[in-house]
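One-letter residues, chain by chain:
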Amino acid sequence: MRLHRLAPLLPSLALSWSLGAQTTPPKPYQFTIEDYARAERFLGQTTGPLVAGAAGRPTWLPDGRFWYRASTAGGSAFYLVNPARRTRAVAFDHAKLASALSAASGSTIDGDRLPFQSFALSSDGRGLTTAFGGKGWSCDLSAYSCTAAAAAPAAPANSSVSPDGKRAVFIREYNLWSRDLATGAETQLTTDGIKEFGYATNNAGWVHNDNPVGSWSDDSRHYATFQHDGRGVRDMYLVSTNVGSPTLDAWKYPLPGDSVIFRVSRVLVSWPDAGAPRLVRLQMPPDAHRSTVSDHIACGLDLCDMHWVSGASQLAFISSSRDHKQAWLRIADVTTGAVRTVLEEKSATQLGDASLPDNLWRVLPATNELIWWSQRDNWIHLYLYDLNTGTLKNRITTGDGNVTELVRIDEKARQIWFTANGRETGRDPYFQHLYRIGMDGQGLTLLTPEVAHHTVSLSPDARYIVDTYSTPDTPPVSVLRDGSGKVLQTLERADVTRLLASGWRAPTPIRMKARDGATDIYGLMYLPTTLDTAKKYPIINHIYPGPQSGSVGPRSFVPSRGDNQALAELGFVVVEIDGMGTPGRSKSFHDYYYGRMGDNTIPDQVAGMKELATRYRFIDIENVGIWGHSGGGFATAAAMFRAPDFFDVGIAESGKHDKRNYEDDWGERYQGLLEKNGPSDNYAAEANQTHAKELKGKLFLIHGMMDDNVPPYNTQLVADALMKAGKDFDMLMLPHARHGFGADSPYIMRRRWDYFVQNLQGNLPPKEYQIGKPRVVP
């Protein structure tokens, strides 16, 4: 029988006790409001402002210069850089501009906290235009005076505006309309849209709203979209909590195994130089509502898996099979709607992933070629194809490591700039670097050599690179490089002096062996800033099991990652481990538990934590907690049921506990199509309620009753099974919360802290502490 340590876990107090030395455990420690307030000071809203010199993404100007925004001790500042001259200066006098904008707007504006995110400069550098507060502003930087710009014609709510800003498309009564933003004139573009078979409908089941989905051509003359067929698709229901009769929220939400799912008939609208807009239907059967890069066909407001070609005379797109095992690259003629298939890609598991960017392929019309990506040899690599015949011309990239983004293609020089991870041996395989290579696969060059995670921006002519690099435990540095990767100028070096003075401690990168004892797995460990290595601390695993993302998140510097460090300050060791089945590694690593989603990387989590306990003696491996949200909620309950002798306390938030009760695309991509086997099916063994009877520890189930992403019935199924098994557990259903909990998030965070303090330490939390409540700090 496991003996939980009941002594308090703060540095001034003893942490362990011996049954041989005493007959009764020590009295539980009563945490104070200040104990929790101290932990709260390690959340992002406090730690983020303590970092100065963190640069944002640069914006390149037509004359070759660029500007960027960087954090300062007082807020932020904009800087203007001339890379040819190696000059860097503030873009304008922030105090004078704030004064001018204050006078013009009638509000008080602080120069250290200017209210806009971007701006445009006139060619002579004397004029600045920007927008905030729902208005446009024009400023004279020679006199520092500002005036409100002429009111721009309003675009309709929930609309998509063309790149030239002249028109917007929107949905009205299931049909597509456009509005001329100069005159306000509206034009109906389609007439046959009906309920459940409308145009540009933004509904994937797990996400649904009134924004249209479609992609504009660069010249603003074409808009590619679809007619969304939801006829015959089942409904999902939620019911509000309020005084009086509740409101029923119903929408289309297909589930795995349904005979009918969403289908899309592809169309495009063209605006000729003269005459009325023209609707063109692509000459092909409807596609399944699938993409290679998401469990939606919308990437923002744009269509996923789609590019305009040849000055928008052609449309290139990918069609995916329902089970994600096949994908076809197709080219459509914009005028006739004729479609031809260029190539087909296949996988025994699933193609692509919901974690991939939407730009890993490109059509090169001038040479009738196609740059295509594939995981056919266990890694994401680039290949060059003949666009006419669909035959492979040559491989472009080889070896271990994944291409993560196509940054630039120079068709004349036949060179490609791309980012990739896992190519450099001896480094964290998740670190991303920038490379250049010839289309013939020759001349591979590493352009960002520092051992770190690199985020880059190339100048339009590729003569310069702005590179920000960091690691989870080293602050960011932003540099200007030339085209060969040579550092020309340091732009920013983040100053964390104030952060360190606050007592902050960086997470510790960790490497362990997976369940097989051979595969390296990686993660982060968070330790109390007052760690006493002679004492023992319970360990908590914060988990997201994949398959579209892992537990750790970005490999760049982040002052606070959720409440991991705050939780550690209460006397815990907190870990995040990316086990087998998460992305960013090889295809076989990512597909490790394909068709067995109940695995949830749990054996890797157990193996990793046990190894850490042998390496760090202050880890109390006899007292283990776990928590996660959404997929992490699914994994948490699975851990409590499938490894009940290892995990003692779990908090499962918004869990996807049964893939048969979650949108069709997710389960059918990663579990496979639902197959009946008598009264059961291939999903049943992966569902958490199937194993609920194995619970031994303390489990807290939490779900929002208005969760329209993961319906709350997932958690209700687990609760029902636990009740039938006679198990004790805790449960909280939030009456108004959606998937991410929204306004209830601080409350749930505090309840999470309380639950681990009470059940993993045996201590007492302060009564009803409120995170985010202003209080006097002694």
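Residues numbered from 1 in each chain as written. Predicted model: local features only at pLDDT ≥ 70, side-chain atom pairs only at ≥ 80, totals over all residues. Heavy atoms only, no water.

When strand S6 (residues 127-132) meets strand S7 (residues 135-140), the two strands line up antiparallel, connected through six bridges. The residue bridging Phe132 from the neighbouring strand is Lys135, located in S7. Connecting S6 to the next strand, S7, in antiparallel fashion are two residues, including Gly133 with a positive phi near 65°. Sheet analysis places S7 next to strand S8 (residues 145-148), joined by four bridges and oriented antiparallel. Residue Trp137 lies in a different strand from S8, and its bridge partner there is Ala148. What sits between the antiparallel neighbours S7 and S8 is a turn of four residues, in which Tyr144 has the positive phi angle 50°. (Pairing = 2+ DSSP bridges. Helix = DSSP H or I, 4+ residues; strand = E, 2+ residues; numbered from the N terminus.)

For the rest of this paragraph, the subject is the state of the cysteines. Applying the stated criterion across every chain, the model contains two disulfides. The side chain of Cys139 participates in a disulfide bridge whose partner is Cys146; the two sulfur atoms lie 2.1 Å from each other. Classification of the bridge connecting Cys139 and Cys146 rests on its S-S torsion, roughly 110°, and on that basis the disulfide is right-handed. Summarising the burial analysis for this pair, Cys139 and Cys146 share the class buried. Here Cys299 engages in a disulfide with Cys304; their sulfurs sit 2.1 Å apart. Given an S-S torsion of about 110°, the disulfide between Cys299 and Cys304 has right-handed geometry. Note on Cys299: relative accessible area 27%, which makes it partly exposed. Using a relative accessible area of 4% as the deciding quantity, one classes Cys304 as buried. (Disulfide = S-S within 2.5 Å. Buried < 20%, exposed > 50% of the residue type's maximum accessible area, 1.4 Å probe, protein only.)

Turning next to the environment of His691. Along the chain, His691 falls in the loop between strand S48 (680-681) and strand S49 (698-704). Separated by 593 residues in sequence, His691 and Ala98 have C-alpha atoms that sit 61 Å apart. Not counting the four nearest positions on each side in its chain, His691 is found in contact with Phe641, Arg642 and Ala685. (Contact = heavy atoms within 4.5 Å.)

Time to look at the packing of helix H1 (residues 33-40) against helix H11 (residues 745-761). Direction vectors running N to C along H1 and H11 enclose 120°, while the axes themselves pass 12 Å from each other. Classed by the angle they form, the pair H1 and H11 counts as oblique. Taken as a pair, H1 and H11 cross one another with a handedness that is right-handed. Here Tyr36, Ala39 and Glu40 of H1 lie close against H11, whose contacting residues are Arg750, Trp753, Asp754 and Val757. Classifying every residue of the contact of H1 with H11 gives four nonpolar, no polar and three charged. (Axes fitted to C-alpha atoms, helices over the stretch in contact; angles between N-to-C directions. Parallel < 35°, antiparallel > 145°, perpendicular 65-115°, else oblique. Left-handed = near helix turned anticlockwise from the far one by under 90°. Nonpolar A, V, L, I, M, F, W, Y, C, P; charged D, E, K, R; others polar.)

This paragraph deals with the sheet that holds strand S36 (residues 445-446). Strand order in the open sheet made by the four strands is S33-S34-S35-S36, with antiparallel pairing throughout. Edge positions in the sheet fall to strand S33 (402-410) and S36, since each of these pairs with one other strand and no more. Relative to strand S34 (residues 415-421), S33 runs antiparallel, the two sharing seven bridges. Residue pairing for S34: Asp410 is matched across the bridge by Gln415.

Attention shifts here to the packing of aromatic side chains. Scanning the entire structure with this criterion turns up 29 aromatic pairs. Ring geometry for Trp60 versus Phe66: centroids 4.7 Å apart, planes at 55°, classification tilted. For Phe66, a relative accessible area of 0% gives the class buried. Through pairs of rings, three or more aromatic residues link up here, namely Tyr29, Phe31, Tyr36, Trp753 and Tyr769. Sitting above the plane of the Tyr79 ring, Arg88 keeps its charged end 4.1 Å from the centroid. Directly above the aromatic system of Trp417 lies the positively charged group of Arg408, at a separation of 5.4 Å from the ring centroid. (Phe/Tyr/Trp six-rings, centres within 6.5 Å; stacked < 30°, edge-to-face > 60°. Lys NZ or Arg CZ within 6 Å of the ring centre and 35° of its normal.)

Spatial ordering of the open sheet is given by S41-S42-S44-S43-S45-S46-S49-S50, a layout of eight strands whose pairing is mixed. One side of each edge strand has no neighbouring strand; the edge strands of this open sheet are strand S41 (508-513) and strand S50 (730-734). Pairs of neighbouring strands in the sheet enclose a mean axial angle of 20°, with direction left out of account. Relative to strand S44 (residues 573-578), strand S42 (residues 520-526) runs antiparallel, the two being bridged by five bridges. Looking across to S44, one finds that Met525 is bridged to Val575. Relative to the sheet, helix H7 (residues 602-615) contacts S41, S42, strand S43 (537-542), S44 and strand S45 (619-629), its axis offset from that of S41 by approximately 115°. In the packing of helix H10 (residues 713-724) onto the sheet, contacts are made with S49 and S50, and the angle to S49 comes to roughly 145°.

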